[in-house]
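# A closer look at the structure
Each chain is listed here by its residues.
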Amino acid sequence: MEIKKSLIGKNLYVIDDNGKKYGPFKEINELSDVLSEIHKISFMEQPTDYKHIGYLVKNGKTGLLLGQSDGIHSSITINVPCIYDIIYPVNSKCIVELGEDCTTDFDHYENDKNFSDIEGFGVKTDGEWGFLDKNGKKILSCKFDEIIYKGNLIFVKINNKFGIFSQDMEEDLVQYKYDEIKFCKDKILVKYNEKFGILDKNGNELVPCNYDDIVYDNNYFIVKENQKYGVLDDNGKDVIPFVYDEIIMNNKFFIVKKGQKYGVLDESGKEIIECKYDKIDFDNNVYIVLQNQKHGIIDQSGEILLDLKYDEIHYDETSKDIIHIKQNEKCGIVNNDGTQLIPCEYEEIKIINYSNVVFLVKQNGKWGMLDNKGKSLTHCVYDEIKIAYIGEGLYVRKDDKWGHIDKNANEIVPCEFSLEKIEFLIKVFDKCFHDQYFELFTIKVEDLENVQELIYLKDYLYYKIKNYIMNSTSKEGIDIAVKNFENKVKYIAEKIEFRLRKETVKKKTLDEIEKLYEDLFGSHNDETKNVQM
């Protein structure tokens, strides 16, 4: 089959294998009906230098179309006949594996991602793979179980052995000897006769297959020989001698084990931490070391940040600047440079992350709060402290009664309610401060069971408004804050007053409501004056 196009007339013609001519057609997609009678044709997504523009299938076999032009006329011809089961394009800057499945590893793609840089085609027939160059010329016959293409090398597998082939070699010169191959950046790990070695990107031997194991990590090779480990650099040169029982790399340093003791070497092989510790863990750029059942911390220069006197050391899960320490069954806190924030005198320490960290500490069975500097916010007087999932601050418990404090441990409501009641009241109040929920407050207030709850709601309301106003930075901000909340607060206060009147509460309670009005909606100048004081 041949497809011809006149560049002058902008028309396409199809000539089948018997010389019959079809056309003219104005567009290539107009050929679909005619071509479906002759061949199935599909076009490559990317333009290519070598003018292969698509595939065609006839009787279940695939071939390649070649585009040609003399400047006046262009034609599309069959360059590779329809004899293959699969034709798979190979990009020279990716690792392409052709076997049971066909995969292209773009993670190894170099330079820019011009995926049209095709260097050839893997072809499969009767279950075996071969290779064509970019012009469709056969380079390797279809006789291989697997073909892996990387750079200018082709790795071919037959009878469970890999050989290395380059396009300037004769097929008969390939030697099949490697049991395994693995790509590591621009190097190749190979296995031969149960031993491992390293090839460079051109397939030349960099390190002979003399080693029991090789692991590539961050431009270094951790190598095992005769049950001992050493390290080679990217060029295969010795960095660390083969005298260690274990080597683990982290952040360009090596944790090494000799006998039953651990130490740390830098990337040049220089000893940073002497090999004398029972255990070394790397965390947040420091080393937590163990010796004689005591823990300490050493930095990457080998300097001791925290003496080896603690029973336990670990970083906090939520903040990598905070380290938990334990000594004689008591807990404390140090920061990342080893500075003590909280001495080891508490039974338990928990962390709450607001804009600043708050520590919950337990002493003699009771809980209290410390700020991020370790300064006490409240004494250890509570049986339980938990984050307020509704509203702000924390819920606190004394015996079986709950109260509410803010993140600075200021009491919002004393411990006089059940936890369920506290959550309900806060939910009611918080909803009224969001426009989309404001109307819901109309019916919720009627659900309150007693006057004490209304008084608490009033107190909490006053606290919230006062806190909002106090956070304003100017008189204008205060005026705006008061104005924005005025209608909402009046509405809530009216509902509270209505409920109080309904319960025929004492005059003193109504006086409190009147004072709430006066405090909130008196002169703005008075309010400003109070805030400024």
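What this report covers is the structure whose coordinates are included nearby. All values reported here derive from a predicted model rather than from experimental measurement.

This paragraph deals with the environment of N356. Counting through the fold element by element, N356 comes out in the loop between β38 (348–353) and β39 (357–363). Measuring from C-alpha to C-alpha, the distance between N356 and K373 comes to 9.8 Å, with 17 residues separating the pair along the chain.

Quick look at the environment of D213 now. Secondary-structure assignment places D213 in strand β22 (residues 213–217). Classification of D213 as partly exposed rests on a relative accessible area of 30%. As for D213 and K195, which are separated by 18 residues in sequence, their C-alpha atoms are 7.1 Å apart. Each residue touching D213, except ones within four places of it in the same chain, is listed here: F196, I222, V223 and K224.

The phi dihedral of K185 falls on the positive side, at around 55 degrees, and the residue is not glycine. Its location among the elements puts K185 in the loop between β18 (180–184) and β19 (187–192). Unlike most non-glycine residues, N193 shows phi in positive territory, near 50 degrees. Secondary-structure assignment places N193 in the loop between β19 and β20 (195–199).

Taken in spatial order, the four strands of this open sheet run β22-β23-β24-β25, and their pairing is antiparallel. Looking at strand neighbours, the two that pair on one side only are β22 and β25 (238–244), the edges of this open sheet. The mean inter-strand angle of the sheet, taken between neighbouring strand axes irrespective of direction, is 15 degrees.

Residues F131, L140, I147, I154 and V156 are the most contacted members of the largest nonpolar core, which totals 16 residues. Those elements giving two or more residues to this core turn out to be β8 (86–91), β9 (95–98), β12 (128–133), β13 (138–144), β14 (146–150) and β15 (153–158). Core analysis: the second largest hydrophobic core is formed by 13 residues, F183, V190, L199 and C209 among them.

Scanning the model with the defined rule gives eight aromatic pairs in all. The interplanar angle of 55 degrees and the centroid separation of 4.9 Å between the aromatic rings of F282 and Y287 together place this pair among those described as tilted. You can call Y287 buried: its relative accessible area is 0%. Across from the ring centre of Y192, 5.4 Å away, lies the NZ or CZ of K177, which sits over that ring.

With that settled, consider the sheet that holds strand β45 (residues 411–417). The strand order across the open sheet built from four strands is β42-β43-β44-β45, with neighbouring strands paired in antiparallel fashion. At either margin of the open sheet sits one strand with a lone partner, and together these are β42 (384–387) and β45. Direction aside, neighbouring strands of the sheet carry axes that sit 20 degrees apart on average. Sheet topology note: the β42/strand β43 (residues 394–398) ladder contains four bridges and is antiparallel. Its bridge partner being in β43, K386 is matched across the sheet by Y395.

Right, let's get into the environment of L306. Inspection of the secondary structure assignment puts L306 in strand β33 (residues 304–310). Take L306: its relative accessible area is 6%, and that puts it in the buried class. Sequence-wise, L306 and T339 are 33 residues apart; in three dimensions their C-alpha atoms are separated by 8.5 Å. With near-sequence residues (within four places) excluded, L306 lies in contact with G296, I297, I313, I325, V334 and G338.

Cut-offs applied
Residues numbered from 1 in each chain as written. Predicted model: local features only at pLDDT ≥ 70, side-chain atom pairs only at ≥ 80, totals over all residues. Heavy atoms only, no water. Helix = DSSP H or I, 4+ residues; strand = E, 2+ residues; numbered from the N terminus. Buried < 20%, exposed > 50% of the residue type's maximum accessible area, 1.4 Å probe, protein only. Contact = heavy atoms within 4.5 Å. Pairing = 2+ DSSP bridges. Axes fitted to C-alpha atoms, helices over the stretch in contact; angles between N-to-C directions. Core = buried A, V, L, I, M, F, W, Y, C linked by side-chain atoms within 4.5 Å. Phe/Tyr/Trp six-rings, centres within 6.5 Å; stacked < 30°, edge-to-face > 60°. Lys NZ or Arg CZ within 6 Å of the ring centre and 35° of its normal.

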